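So the chains spell out like this:
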Amino acid sequence: MTDDKATAVGGNRIERVYERIDPEEFDALLFFDMRNIRYLTGFTGSDGVLLLRPDRGALLVDGRYITQAAEQSPHCEVVRYADKVSGIAAALTEWEARRVGFEASALTVELYERIRERVGTARLTSLDGRLSCLRGRKDAEEISSIRRAIDIATETLTALLPFLNAGWSEREIALELDCRMRALGSEENSFPTIVASGPNAALPHARPGNRVLAAGDPVIIDFGAVYRGYRSDETCSLVVGRPDGEYLKAYAVVKEAHDRAIAAVRAGVSGREIDGVARRHIEERGYGPYFTHGTGHGVGLDVHEDPRLSPLSDQILAPGMVVTVEPGIYLPGRWGIRIEDMVLVGEDGCEVLTRIPKELRIIGS
Ligand code: ZN
Ligand code: ZN
(Lines give C-alpha, C1' and ligand atoms only; values in the text may rest on other atoms or scores of the structure.)
(Ligands and ions follow the chains in the order given, each with its own letter.)
Protein backbone atom coordinates (compact mmCIF):
# COMPACT_ATOMS: atom_id res chain seq x y z
CA MET A 1 0.00 0.00 0.00
CA THR A 2 2.90 2.31 0.55
CA ASP A 3 4.57 1.02 -2.60
CA ASP A 4 2.56 2.55 -5.41
CA LYS A 5 3.35 -0.22 -7.89
CA ALA A 6 -0.10 -1.68 -7.39
CA THR A 7 -1.86 1.60 -6.72
CA ALA A 8 -2.85 1.85 -10.30
CA VAL A 9 -5.38 4.61 -9.93
CA GLY A 10 -4.91 5.82 -6.40
CA GLY A 11 -3.43 4.19 -3.34
CA ASN A 12 -6.60 4.67 -1.36
CA ARG A 13 -8.53 2.35 -3.65
CA ILE A 14 -6.17 -0.55 -3.01
CA GLU A 15 -6.25 0.36 0.68
CA ARG A 16 -10.01 0.01 0.63
CA VAL A 17 -9.59 -3.59 -0.44
CA TYR A 18 -7.21 -4.29 2.43
CA GLU A 19 -9.40 -2.47 4.94
CA ARG A 20 -11.88 -5.25 4.23
CA ILE A 21 -9.47 -8.15 3.83
CA ASP A 22 -6.55 -8.98 6.11
CA PRO A 23 -3.45 -8.85 3.87
CA GLU A 24 -1.94 -11.70 5.92
CA GLU A 25 -4.82 -14.02 5.09
CA PHE A 26 -4.09 -14.38 1.37
CA ASP A 27 -1.05 -14.56 -0.89
CA ALA A 28 -3.08 -12.93 -3.68
CA LEU A 29 -6.58 -11.82 -4.62
CA LEU A 30 -8.23 -12.53 -7.96
CA PHE A 31 -10.70 -9.96 -9.32
CA PHE A 32 -13.07 -10.81 -12.16
CA ASP A 33 -15.68 -8.02 -11.92
CA MET A 34 -14.72 -5.60 -14.71
CA ARG A 35 -16.11 -2.64 -12.77
CA ASN A 36 -13.97 -3.42 -9.74
CA ILE A 37 -11.00 -3.95 -12.05
CA ARG A 38 -11.64 -0.58 -13.66
CA TYR A 39 -11.99 1.01 -10.23
CA LEU A 40 -8.73 -0.45 -8.97
CA THR A 41 -6.58 -0.12 -12.10
CA GLY A 42 -8.17 2.31 -14.56
CA PHE A 43 -8.46 -0.42 -17.21
CA THR A 44 -11.73 -0.02 -19.14
CA GLY A 45 -11.61 -3.13 -21.33
CA SER A 46 -14.44 -5.63 -21.30
CA ASP A 47 -12.45 -8.72 -20.33
CA GLY A 48 -9.52 -9.46 -18.07
CA VAL A 49 -8.45 -10.57 -14.61
CA LEU A 50 -6.68 -8.62 -11.87
CA LEU A 51 -4.24 -10.40 -9.57
CA LEU A 52 -3.51 -8.28 -6.53
CA ARG A 53 -1.51 -8.19 -3.35
CA PRO A 54 -0.68 -5.08 -1.31
CA ASP A 55 2.58 -4.38 -3.12
CA ARG A 56 1.87 -5.74 -6.58
CA GLY A 57 -0.81 -5.83 -9.25
CA ALA A 58 -0.99 -7.74 -12.53
CA LEU A 59 -3.61 -7.34 -15.22
CA LEU A 60 -4.09 -10.54 -17.17
CA VAL A 61 -5.60 -9.82 -20.57
CA ASP A 62 -5.89 -11.38 -23.99
CA GLY A 63 -4.13 -10.02 -27.08
CA ARG A 64 -6.87 -7.47 -27.85
CA TYR A 65 -6.15 -5.49 -24.72
CA ILE A 66 -2.37 -5.47 -24.31
CA THR A 67 -1.85 -1.91 -25.57
CA GLN A 68 -4.90 -0.51 -23.84
CA ALA A 69 -4.05 -2.13 -20.48
CA ALA A 70 -0.46 -0.85 -20.61
CA GLU A 71 -1.69 2.68 -21.35
CA GLN A 72 -4.52 2.80 -18.85
CA SER A 73 -2.86 0.92 -16.01
CA PRO A 74 0.79 1.96 -15.96
CA HIS A 75 1.28 0.80 -12.38
CA CYS A 76 0.24 -2.77 -13.10
CA GLU A 77 2.22 -5.47 -14.80
CA VAL A 78 0.35 -6.43 -17.94
CA VAL A 79 0.41 -10.13 -18.73
CA ARG A 80 -0.95 -11.58 -21.94
CA TYR A 81 -2.74 -14.90 -21.95
CA ALA A 82 -3.89 -17.05 -24.83
CA ASP A 83 -6.30 -18.90 -22.56
CA LYS A 84 -7.67 -17.24 -19.44
CA VAL A 85 -7.52 -20.30 -17.18
CA SER A 86 -3.94 -21.14 -18.15
CA GLY A 87 -3.01 -17.48 -17.69
CA ILE A 88 -4.40 -17.44 -14.16
CA ALA A 89 -2.69 -20.73 -13.26
CA ALA A 90 0.67 -19.49 -14.60
CA ALA A 91 0.42 -16.16 -12.74
CA LEU A 92 -0.46 -17.86 -9.44
CA THR A 93 2.55 -20.14 -9.85
CA GLU A 94 4.81 -17.20 -10.64
CA TRP A 95 3.56 -15.32 -7.58
CA GLU A 96 3.87 -18.49 -5.44
CA ALA A 97 0.30 -17.79 -4.36
CA ARG A 98 -1.22 -20.73 -2.50
CA ARG A 99 -3.91 -18.96 -0.48
CA VAL A 100 -6.03 -17.10 -3.00
CA GLY A 101 -9.13 -14.99 -2.40
CA PHE A 102 -11.45 -14.54 -5.38
CA GLU A 103 -14.63 -12.71 -6.38
CA ALA A 104 -16.97 -15.68 -6.55
CA SER A 105 -20.00 -13.59 -7.46
CA ALA A 106 -18.32 -12.44 -10.68
CA LEU A 107 -17.44 -15.92 -11.87
CA THR A 108 -19.50 -18.61 -13.56
CA VAL A 109 -19.51 -22.04 -11.95
CA GLU A 110 -18.05 -23.38 -15.18
CA LEU A 111 -15.04 -21.03 -15.10
CA TYR A 112 -14.56 -21.63 -11.39
CA GLU A 113 -14.41 -25.40 -11.92
CA ARG A 114 -11.88 -25.02 -14.71
CA ILE A 115 -9.68 -22.73 -12.62
CA ARG A 116 -9.85 -25.06 -9.64
CA GLU A 117 -8.74 -28.00 -11.75
CA ARG A 118 -5.72 -26.07 -13.01
CA VAL A 119 -4.40 -24.47 -9.83
CA GLY A 120 -3.39 -27.73 -8.15
CA THR A 121 -3.10 -27.40 -4.40
CA ALA A 122 -3.72 -23.65 -4.22
CA ARG A 123 -6.73 -22.93 -2.01
CA LEU A 124 -9.44 -20.68 -3.47
CA THR A 125 -11.59 -18.77 -0.99
CA SER A 126 -14.62 -16.71 -1.92
CA LEU A 127 -14.46 -13.03 -0.96
CA ASP A 128 -18.23 -12.64 -1.30
CA GLY A 129 -19.69 -10.20 1.15
CA ARG A 130 -16.27 -8.90 2.19
CA LEU A 131 -15.99 -6.41 -0.64
CA SER A 132 -19.35 -4.82 0.24
CA CYS A 133 -19.43 -1.07 -0.54
CA LEU A 134 -15.86 -1.22 -1.96
CA ARG A 135 -16.76 1.50 -4.49
CA GLY A 136 -19.35 3.13 -2.24
CA ARG A 137 -17.60 6.36 -1.25
CA LYS A 138 -16.90 8.47 -4.31
CA ASP A 139 -13.95 10.82 -4.61
CA ALA A 140 -14.14 14.30 -6.13
CA GLU A 141 -13.39 13.10 -9.64
CA GLU A 142 -16.04 10.38 -9.50
CA ILE A 143 -18.62 12.85 -8.21
CA SER A 144 -17.80 15.29 -10.98
CA SER A 145 -18.30 12.53 -13.58
CA ILE A 146 -21.66 11.64 -12.02
CA ARG A 147 -22.66 15.31 -12.10
CA ARG A 148 -21.77 15.47 -15.79
CA ALA A 149 -23.87 12.37 -16.52
CA ILE A 150 -26.77 14.00 -14.67
CA ASP A 151 -26.29 17.22 -16.66
CA ILE A 152 -26.61 15.28 -19.91
CA ALA A 153 -29.76 13.50 -18.73
CA THR A 154 -31.31 16.72 -17.39
CA GLU A 155 -30.69 18.64 -20.57
CA THR A 156 -32.09 15.78 -22.64
CA LEU A 157 -35.42 15.33 -20.88
CA THR A 158 -35.91 19.04 -20.25
CA ALA A 159 -35.56 19.75 -23.97
CA LEU A 160 -37.89 16.92 -24.96
CA LEU A 161 -40.72 17.45 -22.45
CA PRO A 162 -42.40 20.40 -24.21
CA PHE A 163 -42.88 18.22 -27.28
CA LEU A 164 -44.34 15.15 -25.61
CA ASN A 165 -48.07 14.58 -25.91
CA ALA A 166 -50.70 12.03 -26.88
CA GLY A 167 -49.66 10.30 -30.09
CA TRP A 168 -46.08 9.46 -29.17
CA SER A 169 -45.39 5.80 -28.60
CA GLU A 170 -43.33 4.62 -25.63
CA ARG A 171 -40.68 3.37 -28.04
CA GLU A 172 -40.44 6.69 -29.86
CA ILE A 173 -39.92 8.57 -26.60
CA ALA A 174 -37.24 6.12 -25.45
CA LEU A 175 -35.45 6.30 -28.78
CA GLU A 176 -35.53 10.10 -28.78
CA LEU A 177 -34.09 10.21 -25.24
CA ASP A 178 -31.37 7.71 -26.13
CA CYS A 179 -30.33 9.57 -29.30
CA ARG A 180 -30.26 12.96 -27.64
CA MET A 181 -28.26 11.73 -24.65
CA ARG A 182 -25.73 10.18 -27.01
CA ALA A 183 -25.52 13.41 -29.00
CA LEU A 184 -24.80 15.32 -25.80
CA GLY A 185 -21.88 13.06 -24.92
CA SER A 186 -23.32 10.07 -23.09
CA GLU A 187 -21.06 7.06 -23.74
CA GLU A 188 -23.92 4.59 -23.65
CA ASN A 189 -27.24 4.16 -21.87
CA SER A 190 -26.89 3.89 -18.12
CA PHE A 191 -29.45 1.04 -18.44
CA PRO A 192 -32.22 0.30 -20.96
CA THR A 193 -34.47 3.38 -20.89
CA ILE A 194 -37.91 2.75 -19.39
CA VAL A 195 -40.91 4.56 -20.84
CA ALA A 196 -44.11 2.98 -19.57
CA SER A 197 -47.58 4.41 -20.06
CA GLY A 198 -51.05 3.62 -18.70
CA PRO A 199 -51.24 0.09 -17.28
CA ASN A 200 -47.69 -0.64 -18.46
CA ALA A 201 -46.49 1.82 -15.81
CA ALA A 202 -47.70 -0.63 -13.17
CA LEU A 203 -44.71 -2.83 -14.10
CA PRO A 204 -41.68 -1.28 -12.36
CA HIS A 205 -39.24 -2.40 -15.10
CA ALA A 206 -41.47 -2.30 -18.17
CA ARG A 207 -39.78 -2.26 -21.57
CA PRO A 208 -40.92 0.50 -23.93
CA GLY A 209 -43.31 -0.89 -26.53
CA ASN A 210 -45.63 0.29 -29.26
CA ARG A 211 -48.29 1.59 -26.90
CA VAL A 212 -49.25 5.12 -27.90
CA LEU A 213 -49.84 7.72 -25.21
CA ALA A 214 -53.48 8.77 -24.83
CA ALA A 215 -55.19 11.49 -22.84
CA GLY A 216 -55.26 10.70 -19.14
CA ASP A 217 -52.29 8.30 -19.28
CA PRO A 218 -49.78 8.31 -16.47
CA VAL A 219 -46.25 7.78 -17.80
CA ILE A 220 -43.06 6.67 -16.06
CA ILE A 221 -39.74 7.71 -17.61
CA ASP A 222 -36.66 6.16 -15.97
CA PHE A 223 -33.40 6.84 -17.73
CA GLY A 224 -29.75 7.81 -17.35
CA ALA A 225 -26.56 8.88 -19.10
CA VAL A 226 -22.94 7.73 -18.71
CA TYR A 227 -19.87 9.95 -18.48
CA ARG A 228 -16.35 8.50 -18.00
CA GLY A 229 -18.03 5.27 -16.97
CA TYR A 230 -20.15 6.92 -14.27
CA ARG A 231 -23.91 6.67 -14.47
CA SER A 232 -26.99 8.68 -13.71
CA ASP A 233 -30.40 7.25 -12.82
CA GLU A 234 -33.57 9.30 -12.45
CA THR A 235 -37.31 8.71 -12.78
CA CYS A 236 -40.01 11.23 -13.64
CA SER A 237 -43.71 10.36 -13.46
CA LEU A 238 -45.91 12.44 -15.76
CA VAL A 239 -49.51 12.56 -16.86
CA VAL A 240 -50.90 13.28 -20.32
CA GLY A 241 -53.71 15.76 -19.72
CA ARG A 242 -55.97 15.26 -16.75
CA PRO A 243 -55.12 12.51 -14.22
CA ASP A 244 -57.73 10.60 -12.20
CA GLY A 245 -58.30 11.49 -8.54
CA GLU A 246 -56.73 8.32 -7.14
CA TYR A 247 -53.57 8.99 -9.13
CA LEU A 248 -53.30 12.49 -7.71
CA LYS A 249 -53.70 11.16 -4.18
CA ALA A 250 -51.10 8.42 -4.71
CA TYR A 251 -48.68 10.84 -6.36
CA ALA A 252 -48.75 13.02 -3.25
CA VAL A 253 -48.05 9.93 -1.11
CA VAL A 254 -45.04 8.87 -3.21
CA LYS A 255 -43.70 12.43 -3.28
CA GLU A 256 -43.98 12.74 0.49
CA ALA A 257 -42.31 9.33 0.99
CA HIS A 258 -39.50 10.46 -1.35
CA ASP A 259 -39.07 13.79 0.44
CA ARG A 260 -39.04 12.19 3.89
CA ALA A 261 -36.50 9.56 2.85
CA ILE A 262 -34.21 12.23 1.38
CA ALA A 263 -34.52 14.26 4.57
CA ALA A 264 -33.37 11.17 6.52
CA VAL A 265 -30.26 10.49 4.42
CA ARG A 266 -27.04 11.23 6.28
CA ALA A 267 -23.81 9.46 7.21
CA GLY A 268 -24.23 6.76 9.86
CA VAL A 269 -27.79 5.75 8.93
CA SER A 270 -28.42 2.25 7.56
CA GLY A 271 -29.99 1.43 4.22
CA ARG A 272 -32.80 -0.30 6.10
CA GLU A 273 -33.62 2.85 8.08
CA ILE A 274 -33.93 5.02 4.96
CA ASP A 275 -36.09 2.38 3.31
CA GLY A 276 -38.23 2.27 6.44
CA VAL A 277 -38.90 6.01 6.34
CA ALA A 278 -40.33 5.82 2.80
CA ARG A 279 -42.07 2.48 3.36
CA ARG A 280 -43.79 3.49 6.60
CA HIS A 281 -45.32 6.55 4.97
CA ILE A 282 -46.65 4.54 2.02
CA GLU A 283 -47.97 1.83 4.36
CA GLU A 284 -49.69 4.35 6.62
CA ARG A 285 -51.54 5.72 3.60
CA GLY A 286 -52.75 2.22 2.69
CA TYR A 287 -50.53 1.57 -0.33
CA GLY A 288 -48.01 -0.72 1.38
CA PRO A 289 -48.71 -3.79 -0.81
CA TYR A 290 -48.19 -1.68 -3.92
CA PHE A 291 -44.64 -0.56 -3.09
CA THR A 292 -42.87 -3.63 -4.40
CA HIS A 293 -39.17 -2.77 -4.51
CA GLY A 294 -36.40 -1.29 -2.37
CA THR A 295 -36.20 2.46 -1.82
CA GLY A 296 -32.83 2.98 -3.48
CA HIS A 297 -29.33 1.85 -4.39
CA GLY A 298 -25.83 3.14 -4.89
CA VAL A 299 -24.88 4.43 -8.35
CA GLY A 300 -21.41 4.78 -9.83
CA LEU A 301 -19.61 2.66 -12.41
CA ASP A 302 -22.64 0.39 -12.12
CA VAL A 303 -26.21 1.61 -12.12
CA HIS A 304 -27.11 -0.70 -9.24
CA GLU A 305 -24.33 -1.07 -6.70
CA ASP A 306 -23.75 -0.93 -2.95
CA PRO A 307 -25.04 0.46 -0.73
CA ARG A 308 -28.63 -0.80 -1.01
CA LEU A 309 -31.55 0.99 0.61
CA SER A 310 -33.94 -1.87 1.28
CA PRO A 311 -35.61 -3.67 4.19
CA LEU A 312 -32.74 -6.22 4.08
CA SER A 313 -29.80 -3.80 4.01
CA ASP A 314 -27.43 -3.46 6.96
CA GLN A 315 -25.12 -1.24 4.93
CA ILE A 316 -24.33 2.07 6.61
CA LEU A 317 -24.27 5.31 4.64
CA ALA A 318 -20.98 7.22 4.65
CA PRO A 319 -19.94 10.62 3.32
CA GLY A 320 -19.31 10.55 -0.44
CA MET A 321 -21.75 7.75 -1.20
CA VAL A 322 -24.16 8.45 -4.06
CA VAL A 323 -27.53 6.72 -3.78
CA THR A 324 -30.95 6.92 -5.36
CA VAL A 325 -34.18 7.48 -3.47
CA GLU A 326 -37.04 6.05 -5.51
CA PRO A 327 -40.23 5.02 -3.77
CA GLY A 328 -43.17 3.99 -5.95
CA ILE A 329 -46.76 2.81 -5.98
CA TYR A 330 -47.94 0.38 -8.68
CA LEU A 331 -51.62 -0.50 -9.07
CA PRO A 332 -51.74 -3.60 -11.28
CA GLY A 333 -53.73 -3.09 -14.48
CA ARG A 334 -54.10 0.64 -13.86
CA TRP A 335 -50.93 2.71 -13.52
CA GLY A 336 -47.72 3.23 -11.61
CA ILE A 337 -45.84 6.10 -10.03
CA ARG A 338 -42.15 6.27 -9.20
CA ILE A 339 -40.18 9.36 -8.21
CA GLU A 340 -36.41 8.94 -8.27
CA ASP A 341 -33.57 11.30 -7.46
CA MET A 342 -29.85 10.78 -6.82
CA VAL A 343 -28.32 12.20 -3.66
CA LEU A 344 -24.79 12.64 -2.33
CA VAL A 345 -24.45 11.57 1.30
CA GLY A 346 -22.85 14.09 3.67
CA GLU A 347 -22.06 14.08 7.39
CA ASP A 348 -25.27 15.84 8.38
CA GLY A 349 -27.58 15.36 5.45
CA CYS A 350 -27.38 15.01 1.71
CA GLU A 351 -27.24 17.03 -1.49
CA VAL A 352 -29.80 16.22 -4.16
CA LEU A 353 -27.77 15.85 -7.34
CA THR A 354 -30.55 15.38 -9.89
CA ARG A 355 -32.23 18.58 -10.95
CA ILE A 356 -35.46 17.86 -12.82
CA PRO A 357 -38.30 19.04 -10.54
CA LYS A 358 -40.43 16.22 -9.16
CA GLU A 359 -43.70 18.11 -8.75
CA LEU A 360 -46.49 16.41 -10.70
CA ARG A 361 -46.06 17.38 -14.32
CA ILE A 362 -48.93 17.47 -16.81
CA ILE A 363 -47.86 17.18 -20.42
CA GLY A 364 -49.86 18.15 -23.51
CA SER A 365 -52.72 15.97 -24.72
ZN1 ZN B 1 -34.10 4.48 -12.24
ZN1 ZN C 1 -32.68 3.44 -9.64
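A quick note: this is a predicted structure, and the numbers were derived from the prediction, not measured.

**Concerning the sheet that holds strand E19 (residues 361-363)**
If you trace the four strands from one edge of the open sheet to the other, you get E7-E8-E11-E19, paired in mixed fashion. The strands lining the two open edges of the sheet, one partner per strand, are strand E7 (194-197) and E19. Taking each pair of neighbouring strands and ignoring which way they run, the sheet shows an average axis angle of 25°. Lying on the sheet, helix H7 (residues 170-183) is in contact with E7 and strand E8 (218-223); it crosses E7 at an angle near 155°.

**Some thoughts on the layout of surface pockets**
Here the largest pocket defines a volume of roughly 420 Å³. Around the largest pocket sit 21 residues that line it, and Asp 33, Asn 36, Leu 131, Arg 135 and Asp 306 are the ones nearest its centre. Among the elements that take part in the lining of the largest pocket, strand E13 (residues 305-309) stands out by supplying three residues, more than any other. Here the residues of the lining of the largest pocket are counted per class, giving five nonpolar, six polar and ten charged. Taken domain by domain, the makeup of the lining of the largest pocket includes at least three residues from each of domain 1 (11-126) and domain 2 (140-363).

**Quick notes on the pattern of salt bridges**
Opposite charge on two side chains permits pairing when their charged atoms draw close. Within this structure, the stated rule accounts for 34 salt bridges. With a closest N to O distance of 2.7 Å, Glu 25 and Arg 130 form a salt bridge. Taken together, the residues span a long stretch of sequence, with Glu 25 in the loop between helix H1 (11-20) and strand E1 (28-31) and Arg 130 in the loop between strand E6 (123-126) and helix H6 (140-160) at a distance of 105 residues. Under the relative-accessibility criterion, Glu 25 is labelled partly exposed at 32%. According to the relative accessible area criterion, Arg 130 is partly exposed, its value standing at 27%. Here Glu 188 and Arg 231 are joined by a salt bridge, their closest N and O atoms 3.1 Å apart. Linking Glu 188 in the loop between H7 and E7 with Arg 231 in strand E10 (residues 230-231), this pair joins segments that are 43 residues apart in sequence. Owing to a relative accessible area of 37%, Glu 188 belongs among the partly exposed residues under this scheme.

**Quick word on the coordination of the zinc ion (ligand 1)**
Octahedral six-donor coordination of a metal ideally yields angles of 90 or 180 degrees, compared with 109.5 degrees for tetrahedral four-donor coordination. Looking at the zinc ion (ligand 1), one finds its protein donor set to be Asp 222 (OD), Asp 222 (OD), Asp 233 (OD) and Glu 340 (OE), positioned 2.0 to 2.5 Å from the metal centre. Taken together, the four donor atoms surrounding the zinc ion (ligand 1) define angles of 56 to 146° at the centre, an arrangement classified as irregular. As a motif over one chain, the donors of the zinc ion (ligand 1) read D-x10-D-x106-E. In this structure, the zinc ion (ligand 1) is positioned 3.1 Å from the zinc ion (ligand 2), and both are ligated by Asp 233.

**Some details on the coordination of the zinc ion (ligand 2)**
Coordination of the zinc ion (ligand 2) by the protein involves Asp 233 (OD), His 297 (NE2), Glu 326 (OE) and Glu 340 (OE), with metal-donor separations of 2.0 to 2.2 Å. One can describe the donor arrangement at the zinc ion (ligand 2) as irregular, given that its four donor atoms subtend angles of 81 to 152° at the metal. Mapped onto the sequence, the residues coordinating the zinc ion (ligand 2) show the spacing D-x63-H-x28-E-x13-E.

**Comments concerning the sheet that holds E1**
With respect to topology, six strands assemble into an open sheet ordered E4-E3-E2-E1-E5-E6, the strand pairing being mixed. Of all the strands in the sheet, the pair left with one neighbour each is strand E4 (77-80) and E6. Recorded for the sheet is a direction-independent mean angle of 25° between the axes of neighbouring strands. As paired elements, E1 and strand E5 (residues 99-102) share three bridges and run parallel to each other. Of the residues in E5, the one forming a bridge with Leu 29 is Gly 101. Set on the sheet, helix H2 (residues 34-41) makes contact with E1, strand E2 (49-53) and strand E3 (56-61); between it and E2 the angle comes to about 50°.

**Regarding the environment of Asp 55**
Note that Asp 55 resides in the loop between E2 and E3. The exposure class of Asp 55 is partly exposed, given its relative accessible area of 33%. Considering only alpha carbons, one finds Asp 55 and Gly 276, 221 residues apart in sequence, at a separation of 42 Å. Side-chain polar atoms of Asp 55 contact the side chain of Arg 53, separated by 2.7 Å.

**Comments concerning H2**
Most of H2 is tucked away: six of the eight residues are buried. Among all positions in H2, only Met 34, Asn 36, Ile 37, Tyr 39, Leu 40 and Thr 41 are buried. You can read the cap of H2 off the contacts: a side-chain oxygen lies 2.7 Å from the backbone nitrogen of Arg 35, and it is on Asp 33. Note on H2: the residue one or two positions beyond its end, Gly 42, has a positive phi of about 90°.

Cut-off values and rules
Residues numbered from 1 in each chain as written. Chains lettered and ligands numbered in written order. Predicted model: local features only at pLDDT ≥ 70, side-chain atom pairs only at ≥ 80, totals over all residues. Heavy atoms only, no water. Pairing = 2+ DSSP bridges. Helix = DSSP H or I, 4+ residues; strand = E, 2+ residues; numbered from the N terminus. Axes fitted to C-alpha atoms, helices over the stretch in contact; angles between N-to-C directions. Contact = heavy atoms within 4.5 Å. 1 Å grid on protein atoms, 1.4 Å probe; cavity = no way out; pocket = protein on both sides within 12 Å on 5 of 7 lines; lining within 4 Å. Points joined across faces, edges and corners; volume = space filled by probe spheres on them. Nonpolar A, V, L, I, M, F, W, Y, C, P; charged D, E, K, R; others polar. Domains from an automatic or database assignment. Salt bridge = Lys/Arg side-chain N within 4 Å of Asp/Glu carboxyl O. Buried < 20%, exposed > 50% of the residue type's maximum accessible area, 1.4 Å probe, protein only. Donors = N, O, S within 2.8 Å, 3.2 Å for Na, K, Ca; no water. Tetrahedral: all angles 85-135°; square planar, octahedral: opposite > 155°, others 65-115°. Polar contact = N/O pair within 3.5 Å; in protein donor to acceptor, adjacent residues only side chain to side chain.

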